[in-house]
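# An overview of the molecular structure
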Amino acid sequence: MTASPPTPAPAAPRRRHDREILALAVPAFGALVAEPLFLMADSAIVGHLGTPQLAGVGVASAALSTATGVFVFLAYATTAAVARRIGAGDRRGAVQQGIDGIWLALGLAVPVVLLTLLLAPWAADALGASATAAPHAVTYLRISSLGIPAMLMVLAATGVLRGLQDTRTPLVVAVAGFAANIGLNAGLVYGAGLGVAGSAWGTVLAQTGMATAYLVVVVRGARRERASLRPDAAGIRASARAGGPLLIRTISLRAVLMTATAVAARLGDDQVAAHQITMTLFNFLAFALDAIAIAGQAIIGRYLGASDASGARAATRRMVEWGIVSGLVLGLLVVVSRPLYVPLFTPDPAVRAQLDTALLLLALTQPVAGLVFVLDGVLMGAGDGPYLAWAGLATLAVFVPVALAVPATGTGLAGLWWAMNLFMLLRAGFLAWRARGGRWLVTGAVRG
């Protein structure tokens, strides 16, 4: 069944949607930006210890972010499920759903910690750590693995609060955690003389503090709503079923980025350096657009939980407008501000020459990226995970052979970023096609 063409939304509902989007997206953006600052702070502090130490932490951070990043579904699936129950007026059930998600996070953390401890030397070698950097990478990775339960709990608890339409508390916790991380790292690395191990312990302690803060908030909410804190097997299984397709979606997206990096490495040192700089900007811009997507998850879940499909469509329409305009503005900023930020990344003329084309291609696709991020969040909020998983795998299947053919075609870094733009266009096509239909508009407190 396909929906009829949308009619223009009246001014008053548009203003209401704007207020909702801003109230959720602005704090969400602050929290998203705070997350990578953990690793940046570690790098800045460890960098003064020496190049091998910095290289080791860089390798370990890449392994750690991969090991935990695939579990971002703990936040996404929990947000959608909790928001649905909020829309249905079942606040106690919403909190209970969130607690099930936190228990799932703890259950997943145990094998991840064990595998990280066991495979740390292999991971350092697989990621190309040198003989001098590898011992530091293993040390940092093994100690940091003890913070994985806290990291996964933070993801799930963040999803609970977003589903409850609260993005301010995650912002406060993220900022406090970042500040604590800097203080602890500086004190343990230099004050206590623990070096790389001190940096890892500082991050673990900061993450544990964040998880504790979230638990206090969630436990208070559970007591207020008289929700049980005990693990419920059926609820945990339901959370796992909802998160499974989103795990597949996330893995497919990470496979795209890993493929792009592998192809860039085959093009030459100048090209891979320019690619990494462009990817850094790509990731930063993604945080800005993802903030609107997070608002979409919470808002759409609430509307569908309240059985208001027309409200969900109207909110989607407005968020798409926000996403496209935001992408257009960000793309223009990427182009016009190049003289300001490019010198901060590299003084090498050869790398800068490669950057010129890559950055223009990155800027070109930002309006499309705005559409993609918003619709991704909308469909997550609707609990449409199986479609997102299928779309992710289909996009990956097209992107990989195109990207792998770049070295043979002689198109260099420009060819790779045209392939990246194809990747974004494919995602936009799949998501827009789904959003135009009505199969994702499943109403009720629980998606059947």
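In this numbering scheme, every chain counts its residues from 1 along its sequence in written order. Whole-chain, interface and lining totals are the exception, using all residues; otherwise, since this is a predicted model, local features are given only for residues with pLDDT of at least 70 and side-chain atom pairs are given and counted only at 80 or more. By convention in this description, side-chain values take in all heavy atoms of the structure and omit both hydrogens and water.

### Thoughts on the overall build of the chain
Helix and strand assignments follow DSSP, with helices taken as H or I runs no shorter than four residues and strands as E runs no shorter than two, numbered in order from the N terminus. Secondary structure assignment for the chain yields 17 helices and 0 strands. Seen through its principal axes, the chain has C-alpha atoms that stretch 60 × 50 × 35 Å. Every one of the 448 residues in the chain was classed for burial, and the buried ones make up 51%. By the convention used here, residues are in contact when the closest approach between their heavy atoms is within 4.5 Å. Taking the intrachain contacts of the chain between residues at least 6 apart in sequence as the baseline, contacts between residues at least 24 apart amount to 84%. Shrake-Rupley sampling with a 1.4 Å probe provides the accessible areas, and residues are treated as covered by the protein chains on show and by no other component. Roughly 19100 Å² of accessible area belongs to the chain as shown, and the carbon and sulfur atoms make up 69% of that amount. In summary, the charge assignment counts Lys and Arg as positive and Asp and Glu as negative, without counting His or the chain termini. Charged side chains are reduced to one point each, which is NZ for Lys, CZ for Arg, CG for Asp and CD for Glu. Across the chain, 32 positive and 19 negative side-chain charges occur, with their mean positions spaced 9 Å apart. For every residue, the accessible area (1.4 Å probe, protein chains only) is compared with the maximum for its type, and the residue is labelled buried under 20%, exposed over 50%, or partly exposed between those bounds.

### A few points about a nonpolar patch on the surface
A cluster of nonpolar side chains, Val110, Leu114, Leu117, Leu146, Leu194 and Trp201, forms an exposed patch at the surface whose accessible area comes to about 530 Å². In terms of residue count, helix α4 (residues 91-126) provides more of the nonpolar patch than any other element does, 3 residues in total. Topologically, Leu117 is positioned in helix α4. When its relative accessible area of 31% is taken as the criterion, Leu117 is described as partly exposed. Each patch is built from residues lacking any salt bridge and having more than 30% relative accessible area; the joining distance is 9 Å for like charges and 5 Å for nonpolar side chains (Val, Leu, Ile, Met, Phe, Trp, Tyr). Throughout this description, the term salt bridge denotes a Lys or Arg side-chain nitrogen within 4 Å of a carboxyl oxygen of Asp or Glu.

### Some thoughts on the environment of Arg352
Residue position: Arg352 is located in helix α13 (residues 349-364). As for Arg352 and Gly410, which are separated by 58 residues in sequence, their C-alpha atoms are 19 Å apart. The residues contacting Arg352, other than those within four sequence positions of it, are Val342, Pro343, Thr346 and Pro347.

### Description of the nonpolar core
Ranked by internal contacts, the top residues of the largest apolar core, which has 129 residues, are Leu74, Ile300, Met319 and Trp417. Counting residues per element, this core draws most heavily on helix α10 (residues 269-305), which supplies 17 residues. Ignoring any residue separated from it by four or fewer positions in sequence, one finds Trp417 in contact with His275, Thr278, Met279, Phe282, Ala358, Leu361 and Leu362. We define the nonpolar core as a collection of buried residues of types Ala, Val, Leu, Ile, Met, Phe, Trp, Tyr and Cys that are connected through side-chain atoms lying within 4.5 Å of one another.

### Brief notes about the pattern of salt bridges
Counting across every chain of the model gives 8 salt bridges. The partner of Arg302 in a salt bridge is Glu20, with the nearest N and O atoms 2.5 Å apart. One end of the pair, Arg302, is in helix α10; the other, Glu20, is in helix α1 (residues 11-46), and 282 residues separate them in sequence. In this structure, Asp376 and Arg427 form a salt bridge, with 3.3 Å as the shortest nitrogen-oxygen distance. Residue Asp376 is found in helix α14 (residues 366-381), and its partner Arg427 is found in helix α17 (residues 412-436); the two are separated by 51 residues along the sequence. Note on accessibility: Asp376 and Arg427 belong to one class, buried. Through salt bridges with shared partners, one network takes in Arg249, Asp376 and Arg427.

### Observations regarding the confidence of the model for the chain
Per-residue confidence for the chain gives a mean pLDDT of 87, with 95% of residues at or over 70. Averaged pLDDT values for the elements of the chain fall to 73 in α1 and rise to 96 in helix α15 (residues 385-404). Confidence of the predictor at the level of single residues is captured by pLDDT, which takes values from 0 to 100.

### Digging into α15
In this scheme, a helix's expected span is set at 1.5 Å multiplied by one less than its residue total. Its 20 residues place the ends of α15 28 Å apart at the C-alpha level, agreeing with the 28 Å of an ideal helix rising 1.5 Å per residue. Looking at the buried side of α15, the elements it contacts are α9 (233-267), α14, α16 (406-409) and α17.

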